[in-house]
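# Architecture at a glance
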Amino acid sequence: MMHMWELPPVRPNHIRPDTVISAVEAAQRLQQELAGLGIDSDVHDGYGLALVSVWSGLVVWTDGRVFRWKSGQDASGRPARDGLGWDAYSPADDPVSTARRVAARYAELRRMAPPPVVPTDWAPQ
């Protein structure tokens, strides 16, 4: 069992010295790919990590080597009892595939808890 503070093993072919990027650069690349899929997100950074805030309950973090987020499933693919699931991960040098996987989780979360409807012409008196 992997603990939250441990990074998963990354295959050596995903770590290339010529493509070392910072956490913020990796997060921004993911943000661009998500935007291409029509998903808005925010990037926040600090302490050598960067977070991509996508939706309530969906935050992707990166250290520049891997992306991690809550998948909503356990290791066997069954829905997690607590609804949060296990950490899913993807190499940071593959923001395209990561964006597709995050987009699938985003769609799942939106079905479960759609955004509140706020009247546009309402104003407090």
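Our subject is the structure listed above.
Conventions used here
Residues numbered from 1 in each chain as written. Predicted model: local features only at pLDDT ≥ 70, side-chain atom pairs only at ≥ 80, totals over all residues. Heavy atoms only, no water. Helix = DSSP H or I, 4+ residues; strand = E, 2+ residues; numbered from the N terminus. Buried < 20%, exposed > 50% of the residue type's maximum accessible area, 1.4 Å probe, protein only. Salt bridge = Lys/Arg side-chain N within 4 Å of Asp/Glu carboxyl O. Pairing = 2+ DSSP bridges. Axes fitted to C-alpha atoms, helices over the stretch in contact; angles between N-to-C directions. Core = buried A, V, L, I, M, F, W, Y, C linked by side-chain atoms within 4.5 Å. Contact = heavy atoms within 4.5 Å. Phe/Tyr/Trp six-rings, centres within 6.5 Å; stacked < 30°, edge-to-face > 60°.

### As for the overall build of the protein
Broken down by element type, the protein carries two helices and five strands. Ordered by position in the sequence, the α and β elements of the protein form the string α-β-β-β-β-β-α. Sorting the 125 residues of the protein into buried and exposed places 31% on the buried side.

### What about the pattern of salt bridges?
The tally for this structure, following the rule as stated, stands at four salt bridges. Among the ionic contacts, a cluster of salt bridges with common partners joins Arg68, Lys70 and Asp87.

### Quick look at the sheet that holds strand 3 (residues 58-62)
Sheet strands associate in pairs through backbone hydrogen bonding, adopting either a parallel or an antiparallel arrangement. The sheet built from five strands is open, its strands ordered 1-2-3-4-5 with antiparallel pairing. This sheet does not close on itself; its edge strands, each paired only once, are strand 1 (42-46) and strand 5 (87-91). When the angles between neighbouring strand axes are averaged without regard to direction, this sheet yields 20°. Where strand 4 (residues 66-70) meets strand 5, five bridges bridge the pair, whose relative direction is antiparallel.

### Quick look at unusual backbone geometry
With a phi close to 60°, Tyr47 is a non-glycine residue in the positive phi region. For Tyr47, the position within the fold is in the loop between strand 1 and strand 2 (49-55).

### Here we look at the nonpolar core
Leu34, Val54, Leu58 and Val60 are the most contacted members of the largest nonpolar core, which has 22 residues in total. Those elements giving two or more residues to this core turn out to be helix 1 (23-36), strand 2, strand 3, strand 4 and helix 2 (95-112). Beyond its immediate stretch of four places on either side in the chain, Val54 contacts Leu34, Ile39, Asp40, Ser41, Val60, Val102 and Tyr106.

### Looking at the packing of aromatic side chains
Counted by the stated rule, this structure contains one aromatic pair. Seen from their ring centres, Trp55 and Tyr106 are 5.6 Å apart, and the 90° between their planes marks the pair as edge-to-face. Taken together, the residues span a long stretch of sequence, with Trp55 in strand 2 and Tyr106 in helix 2 at a distance of 51 residues. Each member of the pair, Trp55 as well as Tyr106, is classed as buried.

### Considering the pairing of strand 1
As paired elements, strand 1 and strand 2 share five bridges and run antiparallel to each other. Looking at the pairing, His44 lines up with Leu51 of strand 2. In this structure, the hairpin formed by strand 1 and strand 2 is closed by a connection of two residues, where Tyr47 is found at a positive phi of approximately 60°.

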